[in-house]
Amino acid sequence: MLGLARPRGGRFALGVLLGAAATAAGVGLLSLAAWLIATAATHPAVTALSVAVVLTRALGVTRGVARYLERLVTHDAALRTLADARDRVYARLAATEPVRRFRSGDLVSRLVSDTDATQDLLVRGLTPPLAALLVGGGVVTLSTALLTEGGLLLAAGLVLAGVATRASVSA
């Protein structure tokens, strides 16, 4: 399936970047909101918080727009790849398989479920982990630049979370 998706690699890469932008906006939104709440508790002048309030709104909008665009781009590329896969499967089936030995709905059901399952590989199995890897690497780099021990601890936590997620998916 990845071979069939190769001609649309640019679209998938754009989808990964858009997914990373949405995730990064979410991380920034959480961080900024926590800072805003902690700072507002000290009752500073409202003007001291105005930039953070505007940035919070901007990050919220950016997160939604980037997520929408990521879904639009990756689903378009996955559906086009799926159409190519179905075309190849039907052509090969017509050339090699005696269709009469299947019941009418059985063959169609098998083909649709098998090719639809491959779409999940591209949309749910490829894009989100790559976007998370990009954002995780960026956050670890930023954290390490600010506080080395904190960045290393965050990197270890992200690696452990990734291993635990992988193990739970495999089980």
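This report concerns the structure included in the present document. Only a predicted model underlies this, so the values are computations on that prediction, with no experimental measurement involved. (Residues numbered from 1 in each chain as written. Predicted model: local features only at pLDDT ≥ 70, side-chain atom pairs only at ≥ 80, totals over all residues. Heavy atoms only, no water.)

Some thoughts on the overall build of the protein
The secondary structure content of the protein amounts to 6 helices and 0 strands. N-terminal to C-terminal, the α/β element order of the protein is α-α-α-α-α-α. Counting over 171 residues, the protein shows a buried share of 25%. Considering only contacts in the protein between residues 6 or more positions apart, those separated by 24 or more positions represent 76%. Of the roughly 11400 Å² of accessible surface on the protein, a fraction of 68% belongs to carbon and sulfur atoms. (Helix = DSSP H or I, 4+ residues; strand = E, 2+ residues; numbered from the N terminus. Buried < 20%, exposed > 50% of the residue type's maximum accessible area, 1.4 Å probe, protein only. Contact = heavy atoms within 4.5 Å. Areas by Shrake-Rupley, 256 points an atom, 1.4 Å probe, with all protein chains shown as cover.)

Notes on the environment of Pro128
When you line up the elements, Pro128 lands in helix α5 (residues 127-146). Judged by relative accessible area, which is 39%, Pro128 ranks as partly exposed. In the structure, Pro128 is positioned 108 residues away from Ala20 in sequence and 8.2 Å away in space, judged by C-alpha atoms.

Describing the environment of Val53
Mapped onto the fold, Val53 is located in helix α3 (residues 46-96). Sequence separation between Val53 and Leu32 is 21 residues, and the spatial gap between their C-alpha atoms is 8.9 Å.

Describing the packing of α5 against helix α6 (residues 148-170)
Where α5 contacts α6, the axes come no closer than 5 Å and their chain directions differ by 155°. Looking at the two axes, α5 sits roughly antiparallel to α6. With respect to the hand of their crossing, α5 and α6 are arranged in right-handed fashion. Two secondary-structure elements touch here, α5 through Gly136, Val139, Val140, Ser143, Thr144 and Leu146 and α6 through Thr148, Gly151, Leu152, Leu154, Ala155 and Leu158. Here the contact of α5 with α6 is built from residues that sort into 7 nonpolar, 5 polar and no charged. (Axes fitted to C-alpha atoms, helices over the stretch in contact; angles between N-to-C directions. Parallel < 35°, antiparallel > 145°, perpendicular 65-115°, else oblique. Left-handed = near helix turned anticlockwise from the far one by under 90°. Nonpolar A, V, L, I, M, F, W, Y, C, P; charged D, E, K, R; others polar.)

Some words on α5
Taking 1.5 Å of rise per residue, the 20 residues of α5 would be expected to cover 28 Å, and the 29 Å separating its terminal C-alpha atoms lies within 8% of that figure. Within α5, burial applies to Thr127, Ala131, Val135, Gly136 and Val140. (Expected span 1.5 Å × (residues − 1).)

Observations regarding the layout of surface pockets
Regions of empty space are outlined by a rolling probe, equal in size to a water molecule, passed over the atoms. Within this model, the largest pocket holds a volume of roughly 410 Å³. Forming the boundary of the largest pocket are 16 residues, of which Pro129, Ala132, Leu133, Gly136 and Leu158 lie nearest the centre. Only α2 (9-40), α5 and α6 provide two or more residues apiece to the lining of the largest pocket. When the residues that make up the lining of the largest pocket are grouped by side-chain class, the tally is 12 nonpolar, 4 polar and no charged. (1 Å grid on protein atoms, 1.4 Å probe; cavity = no way out; pocket = protein on both sides within 12 Å on 5 of 7 lines; lining within 4 Å. Points joined across faces, edges and corners; volume = space filled by probe spheres on them.)

Remember, this is a structural readout, not a statement about activity or role.
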